[in-house]
2 protein chains.
Amino acid sequence: MATHLADKHKPTLDTAVRALHERTFFTHFPENPSPEVYGENADKEGRESYTKHLNNKFEELLQENPESWTGQEESPYEQKALGISYPFFSPETLVSRAEEAFHQWRKVSPANRAALLMETLERMRTRFFEIAYATMHTTGQAYMMSFQASGPHAADRALEAIAAGYEEQTRFPESTDWEKPMGKYNLKLNKTWKAVPKGVALVIGCSTFPTWNSVPGMYASLVTGNPVIIKPHPKAILPIAIVVAEVQKVLQENGLNPNICQLAVDSEERLIAKELAENPKVKLIDYTGGTEFGNYIESLQGKTVFTEKAGVNSIILDSVDDLDKVAQNLAFSVSLYSGQMCTAPQNFFIPENGIKAGGETLPYEDVVKKLADAITGLVNNPKAGPHILGAIQNPATSARVKEADTIGGKPVLTTCDFSNPMFANARTCSPVIYEVDAANKEAYSRELFGPIMLIIKTKDTDQSIELASSMAREHGAISCGAYTTDPEVKEKIMDEMALAGTPVSFNLTGGIFVNQNASFSDFHVSGGNPAGNASFTNPEFVIKRFTWVGFREPVVG
Amino acid sequence: MATHLADKHKPTLDTAVRALHERTFFTHFPENPSPEVYGENADKEGRESYTKHLNNKFEELLQENPESWTGQEESPYEQKALGISYPFFSPETLVSRAEEAFHQWRKVSPANRAALLMETLERMRTRFFEIAYATMHTTGQAYMMSFQASGPHAADRALEAIAAGYEEQTRFPESTDWEKPMGKYNLKLNKTWKAVPKGVALVIGCSTFPTWNSVPGMYASLVTGNPVIIKPHPKAILPIAIVVAEVQKVLQENGLNPNICQLAVDSEERLIAKELAENPKVKLIDYTGGTEFGNYIESLQGKTVFTEKAGVNSIILDSVDDLDKVAQNLAFSVSLYSGQMCTAPQNFFIPENGIKAGGETLPYEDVVKKLADAITGLVNNPKAGPHILGAIQNPATSARVKEADTIGGKPVLTTCDFSNPMFANARTCSPVIYEVDAANKEAYSRELFGPIMLIIKTKDTDQSIELASSMAREHGAISCGAYTTDPEVKEKIMDEMALAGTPVSFNLTGGIFVNQNASFSDFHVSGGNPAGNASFTNPEFVIKRFTWVGFREPVVG
């Protein structure tokens, strides 16, 4: 590998490692899709590039001799097939090619691996807009989220994984002189250590965040020397296919085997995730998706597994300064991408005697009404609604929302019909609200993926905290929002939710939302409850991907 | 807690953290049991203290209201019961007391936990000789090993775990101001993070190294805020009971609940390890012992597990400078504590065409004879034999050695009778040697715990490497010794054994042996093969014991 890549990327790498430890604001890829940042024609060209893929074969990959071509993506905005087909390879072929590539990749130094991978992110940057349109038309995300989540935010999370992996592999010396005084003489040993990668890695993607949830595991495995097989969701392939293609080109340009990073596309008729996961050569698995398959992945013996599964996220309402601002903030959080986020809030705990707001006590009913009104207002605002809600990725999600009355709650807001003025055929769904009795735990103790908001009337805030915390401990949670002006209540929420391994955002209003998660600052799914152990990006996320092995020999003479 | 403890131990803590990263020679507890170091009467007083325990109740623990008293230890040197009885508590009592203590311990800061734990090691130091005699008469180790392994070496490994745990918990800021430019304004958040301990921890000890193998997990769990239940092997309790008693005293002196660290003694009639391990409140398990029970521990869902199980350790003989020195070194390694070490070598791979020694080729038969002669010489040297071999902990081990001819090998050295002049009744056993055909993999693909040495005649060194590496990958290995003067062969051994997750000691002669493992320098069982993932002490050993949880709130004003 040309050393110019290592030199080129070293300053950013060092800055990224420092950012990991400072945890102040840091980003390498600008999130603003404006022409001033990305160029006058970037958006237009990105859209054209996306359009060219439609009804075509995706031929950019450097994986040879496909066994067939397959592809089943459909646009949630247009409700029609994209017509893109991808090369298909059997699990056996994929694993044996990965094994072969492993012995080349593991011999590249951690510093050079980091540089090569950072170069691939720069290539990805040139295709952010194309990836954005690909994300819109596979996931149903609105334009802005498609751009940010699949482009700069994903690339920042990937950079974070590269930085963490590089740091951990270089945290102990490569060699040292060990000298032990033995009384009459000194015993001298030369010692050396290697960070030995575990082997073939598999990344199983989800249908809603095809790059954001896949690149951290992918880059974490790669930077630590493991070859990776990326198995996207059959309905959301194109965004990550573009990333994999760029990685393969950089590998080939630098004289390396492109199979160090392979794309493994499958179809509903021939799903290959289980076969790949169970292959004894596959040592590492990153998985994002439903709980049932996630639990199966976690039960596989002899694998190191990172998961992000479902959780039930809570909002605890105790006391606020200004309920209008709070309601607007929460309405946005519930509506954003129609609740199809692992960090979206679902269970809203409100005391039956109401909450304190700016000195007064607001009755429970008024709080519920405020929240419902805020959602209705947001959804019906033509300048906001379509850009926030986007479309529904999976018809099962719309069906779940439409059947939400079967949960056994009292309806507060039941119509989820919403039409997108830009896409007449879009599959859309705005939030519904149901009130559920605190005693009816069954109703609110599982994730209802999509824009379903449950209001749980509690005896008091203590019960709200107890329920939010026990839900997280027993069923998992990835986020929690809490509103309180009382320092003691705040302390109690922190303590109880900490024990449930759930991060808490307090008193959010304005332009920051419980669903959002900042690279280089917010730890994501750090493993303290059943929602998963993906751990973006604390040291655990990278060090479990390699083994320290030491060698020693007496010093001669 | 009085801050004087934090001040007192801070310099050593900082030095220990630095030592972890330098990996040069470092020790805090002197390994030499000489009167100049430990005091004129230290040995005598230690022996007397040990003797006072015999045929008595062990009443030092601060655990209240025992349900009964139990104890089944016997001296391998005297082959008679020690007569010591310990308080028995049901698993339910132990876990509920640990849960209660948890909520106190987790609120002590990482720095104060580290200081308190370092103070307990200083108390342990005052009882090193007593622990040494307790270790001799439970494990059968010789005096020197009993002193070093159960005293200073164990305390150094504990200090290593404290240092690593302290470092990892303080590696990210407790709080930070996060400020994101949003164009028209800056978004400001206060962020804080907590390292949240996972919960009740269990340490399951083994019969041969009652403190060395238990204190790393015990101190790693404690320093990260988890209460610990120590379940020693029913035949090797006293050494760790003394340590636990000292920990409890320090806790109580500092106003803390002694149940933060509990001893859980059981007996053959009422074994409680499974019941403890399966308790849903038990979140962390450290286990040392046989493979079968270890695999069961690893299969438990919802637990974080650290294991040290069995492995088959190899010696690869390719070329040497001086075979006599090599044979002496290996004879010592095989004889040390009669092979009852997880790092003891078992499979010796020798090419059928012999090895190069100082320019000449030595025939295979001559190499075998040299090794056998070196063992015979060592064992029969009255100044060495008894001090190296010690006694056999478990009658099953002697039986295994006596029945070694059933393995299907060709006998080279079959008498294992050895009598210890100091202990007429000692259960002893010196090494036996069998030659096994390389094709007869079944014979040498499992651990034959005890002084059994198998010589495997191979086609050439390439085959030796391939077999040693595949044994480690498939059946586990904790150590490997290799002898070669050829840099290319050395490189190949490093590469193949690295992939098998096995550290390699090259060309050891003189006063350093493949079985030995230095704290603060040699990583031990770092997780790359089926022998376990105890990982003394790389970051993985401590960071899996807590979860990072973050909190954030907008800056007001």
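Conventions and cut-offs
- Residues numbered from 1 in each chain as written.
- Chains lettered and ligands numbered in written order.
- Predicted model: local features only at pLDDT ≥ 70, side-chain atom pairs only at ≥ 80, totals over all residues.
- Heavy atoms only, no water.
- Pairing = 2+ DSSP bridges.
- Helix = DSSP H or I, 4+ residues; strand = E, 2+ residues; numbered from the N terminus.
- Axes fitted to C-alpha atoms, helices over the stretch in contact; angles between N-to-C directions.
- Contact = heavy atoms within 4.5 Å.
- Buried area = accessible area lost by both parts, 1.4 Å probe.
- Salt bridge = Lys/Arg side-chain N within 4 Å of Asp/Glu carboxyl O.
- Polar contact = N/O pair within 3.5 Å; in protein donor to acceptor, adjacent residues only side chain to side chain.
- Nonpolar A, V, L, I, M, F, W, Y, C, P; charged D, E, K, R; others polar.
- Parallel < 35°, antiparallel > 145°, perpendicular 65-115°, else oblique.
- Buried < 20%, exposed > 50% of the residue type's maximum accessible area, 1.4 Å probe, protein only.
- Expected span 1.5 Å × (residues − 1).
- Core = buried A, V, L, I, M, F, W, Y, C linked by side-chain atoms within 4.5 Å.
- Domains from an automatic or database assignment.
- Phe/Tyr/Trp six-rings, centres within 6.5 Å; stacked < 30°, edge-to-face > 60°.
- UniProt positions renumbered as here; feature names shortened; annotations may be inferred.
- Least-squares fit on C-alpha atoms with pLDDT ≥ 70 in both.
- Left-handed = near helix turned anticlockwise from the far one by under 90°.
- pLDDT = per-residue confidence, 0-100.
- Arc of directions from axis to C-beta.

This brings us to the sheet that holds strand 18 (residues 432-437) of chain B. Spatially, the ten strands line up as an open sheet ordered 5(A)-6(A)-22(A)-21(B)-20(B)-12(B)-14(B)-19(B)-18(B)-17(B), and their pairing is mixed. Pairing within the sheet leaves two strands with one partner each, and these edge strands are strand 5 (175-181) of chain A together with strand 17 (410-413) of chain B. Pairwise comparison of adjacent strand axes, ignoring direction, gives a mean angle of 25 degrees for this sheet. Note that strand 6 (residues 186-197) of chain A and strand 22 (residues 546-554) of chain A share nine bridges and pair antiparallel.

Chain A puts 74 residues into the contact, and the matching count from chain B is 74 residues. With both sides pooled, the region where chain A packs onto chain B buries about 6300 Å², and carbon together with sulfur makes up 56% of that total. Counting across the interface, chain A meets chain B through 14 salt bridges. For Asp522(A), the salt bridge is made with Arg552(B), and the minimal N-O distance between the two is 2.9 Å. For the pair chain A and chain B, the number of links is 36 residue pairs in polar contact (both at pLDDT 80 or more). Ranked by residue count, the leading element in the side of chain A that touches chain B is strand 22 of chain A, at eight residues. In terms of residue class, the side of chain A that touches chain B is made up of 31 nonpolar, 21 polar and 22 charged. Relative to strand 22 (residues 546-554) of chain B, strand 21 (residues 504-506) of chain A runs parallel, the two being bridged by two bridges. By the bridge assignment, Ser505(A) is partnered in strand 22 of chain B with Arg552(B).

This part covers the packing of helix 5 (residues 110-125) of chain A against helix 8 (residues 215-223) of chain A. Residues and elements named next belong to chain A. Between helix 5 and helix 8, the shortest axis-to-axis distance is 9 Å and the interhelical angle comes to 150 degrees. Taken as axis vectors, helix 5 and helix 8 run roughly antiparallel relative to one another. Facing Arg-113, Ala-114, Leu-117, Thr-120 and Leu-121 of helix 5, the residues of helix 8 in contact are Tyr-219, Leu-222 and Val-223. Grouping the constituent residues of the contact of helix 5 with helix 8 by class yields six nonpolar, one polar and one charged.

If a strand is regular, its side chains alternate between the two faces of the sheet. Summarising burial for strand 22 of chain A: nine of the nine residues are buried, a large majority. Across the two faces of strand 22 of chain A the burial is the same, with Phe546(A), Trp548(A), Gly550(A), Arg552(A) and Pro554(A) and Thr547(A), Val549(A), Phe551(A) and Glu553(A) all buried.

Residues and elements named next belong to chain A. Along its 16 residues, helix 9 (residues 238-253) runs 23 Å from first to last C-alpha, staying within 8% of the 22 Å computed at 1.5 Å per residue. Burial analysis of helix 9 places 13 of its 16 residues in the buried class, which makes it a mostly covered element. Gly-255, located one to two residues past helix 9, shows a positive phi value of around 75 degrees.

In terms of nonpolar packing, the biggest core is built from 285 residues, with Met218(A), Tyr219(A), Leu317(A), Met218(B), Tyr219(B) and Leu317(B) touching the most fellow members. Non-local contacts of Tyr219(B), meaning those with residues more than four positions away in its chain, are made with Leu117(B), Thr120(B), Leu121(B), Ala158(B), Ala161(B), Ile162(B), Val243(B) and Val247(B).

The next subject is the pattern of salt bridges. For the coordinates displayed, the defined rule picks out 60 salt bridges over all chains. A salt bridge links Asp286(A) to Arg545(A); the nearest nitrogen and oxygen atoms lie 2.8 Å apart. In this pair, Asp286(A) is assigned in strand 10 (residues 282-288) and Arg545(A) in the loop between helix 19 (539-543) and strand 22, connecting sequence segments 259 residues apart. As far as burial versus exposure is concerned, Asp286(A) and Arg545(A) are alike and both buried. It is possible to trace a salt-bridge network through shared partners that takes in Glu167(A), Glu168(A), Arg171(A), Glu167(B), Glu168(B) and Arg171(B).

Bringing the domain arrangement of chain A into the picture now. Residue and element names in this part refer to chain A. For chain A, the assigned domains are domain 1 (3-15 + 44-76 + 92-173 + 193-309 + 534-551) and domain 2 (314-506). Relative to domain 2, the C-alpha centre of domain 1 lies at a distance of 33 Å. The interface is formed by 15 residues belonging to domain 1 together with 17 residues belonging to domain 2. Between domain 1 and domain 2 the total buried area reaches about 1100 Å² when both faces are included, carbon and sulfur atoms providing 63% of it.

This part takes up the environment of Lys356(B). Residue and element names in this part refer to chain B. Tracing the backbone through its elements, the reader meets Lys-356 in strand 15 (residues 355-357). For the pair Lys-356 and Pro-87, spaced 269 residues apart in the sequence, the C-alpha separation amounts to 59 Å. Lys-356 has contacts with Asp-318, Ser-319, Val-320 and Thr-361, leaving out every residue within four places of it along the chain.

Attention now goes to the packing of aromatic side chains. Residues and elements named next belong to chain B. This structure, assessed with the given rule, holds 46 aromatic pairs over all chains. Consider the rings of Phe-306 and Phe-541, whose centres lie 5.4 Å apart with planes at 80 degrees: the pair is edge-to-face. With Phe-306 in strand 11 (residues 304-308) and Phe-541 in helix 19 (residues 539-543), the pair connects residues that are 235 residues apart, well separated along the chain. On the basis of relative accessible area, Phe-541 is assigned to the buried category, the value being 0%.

Take Ser521(B): it is sitting in the loop between strand 21 (504-506) and helix 19. From its side chain, Ser521(B) meets the backbone oxygen of Arg23(B) in a polar contact 2.9 Å long.

Let us look at the pairing of strand 14 (residues 347-351) of chain A. All names here are of chain A. When you tally the buried positions in strand 14, you get five out of five residues, the bulk of the element. Here strand 14 shows two buried faces, one formed by Asn-347, Phe-349 and Pro-351 and the other by Phe-348 and Ile-350. As paired elements, strand 14 and strand 19 (residues 452-458) share five bridges and run parallel to each other. Looking at strand 19, one finds that Pro-351 is bridged to Thr-458.

What follows concerns the UniProt feature "domain: Aldehyde dehydrogenase" (unreviewed entry) in chain A. The UniProt record annotates "domain: Aldehyde dehydrogenase" (unreviewed entry) at residues 94-499 of chain A. Measuring from the first to the last C-alpha atom of residues 94-499 of chain A gives 41 Å, for a span that is 45% helix and 20% strand.

Attention now moves to the relation of the copies chain A and chain B. Structural alignment of chain A on chain B gives an RMSD of 0.0 Å, achieved by rotating through 180 degrees and translating 0.0 Å along the axis. Such a combination of rotation and displacement between the chain copies is what one expects of a two-fold axis. Across chain A, the smallest distance between a C-alpha and the rotation axis is recorded for Glu540(A), namely 3.5 Å.

This part is about the packing of helix 5 (residues 110-125) of chain B against helix 9 (residues 238-253) of chain B. All names here are of chain B. Put simply, helix 5 and helix 9 touch, their axes get as near as 9 Å, and they point 130 degrees apart. Judged by the angle between their axes, helix 5 and helix 9 are oblique. Considering the relative orientation of helix 5 and helix 9, their crossing is right-handed. Between helix 5 and helix 9, the residues in contact are Leu-116, Glu-119, Thr-120, Arg-123 and Met-124 and Val-243, Glu-246, Val-247, Val-250 and Glu-253, respectively. The class makeup of the residues in the contact of helix 5 with helix 9 is five nonpolar, one polar and four charged.

Here chain A shows a mean pLDDT of 96. Residues at 70 or above account for 99%. This complex was scored by the predictor with a pTM of 0.97 and an ipTM of 0.96.

Before going further, it helps to examine helix 15 (residues 395-402) of chain B. Among all positions of helix 15 of chain B, only Thr397(B), Ser398(B) and Val401(B) are buried. Buried positions in helix 15 of chain B, seen along its axis, are confined to an arc of 100 degrees and lie on one side of it.

Turning next to unusual backbone geometry. It is generally the case that most residues other than glycine have a negative phi and that most peptide bonds are trans. Here Arg23(A), not a glycine, exhibits a phi torsion of approximately 60 degrees, which is positive. Position of Arg23(A) among the secondary structure elements: in the loop between helix 1 (3-22) and helix 2 (35-38).

A few words on the sheet that holds strand 9 (residues 261-263) of chain B. Residue and element names in this part refer to chain B. Strand order across the open sheet formed by five strands is 9-8-7-10-11, with parallel pairing between neighbours. The sheet is open, and its two edges are formed by strand 9 and strand 11, each paired on a single side. Across this sheet, the average inter-strand angle for adjacent strands is 15 degrees, counted without regard to direction. The sheet contacts of helix 4 (residues 91-105) involve strand 7 (200-204), strand 8 (228-231), strand 9 and strand 10 (282-288), and relative to strand 9 the element is tilted by about 170 degrees. Running over the sheet, helix 8 (residues 215-223) touches strand 7, strand 8, strand 9 and strand 10 and is turned about 170 degrees from strand 8.

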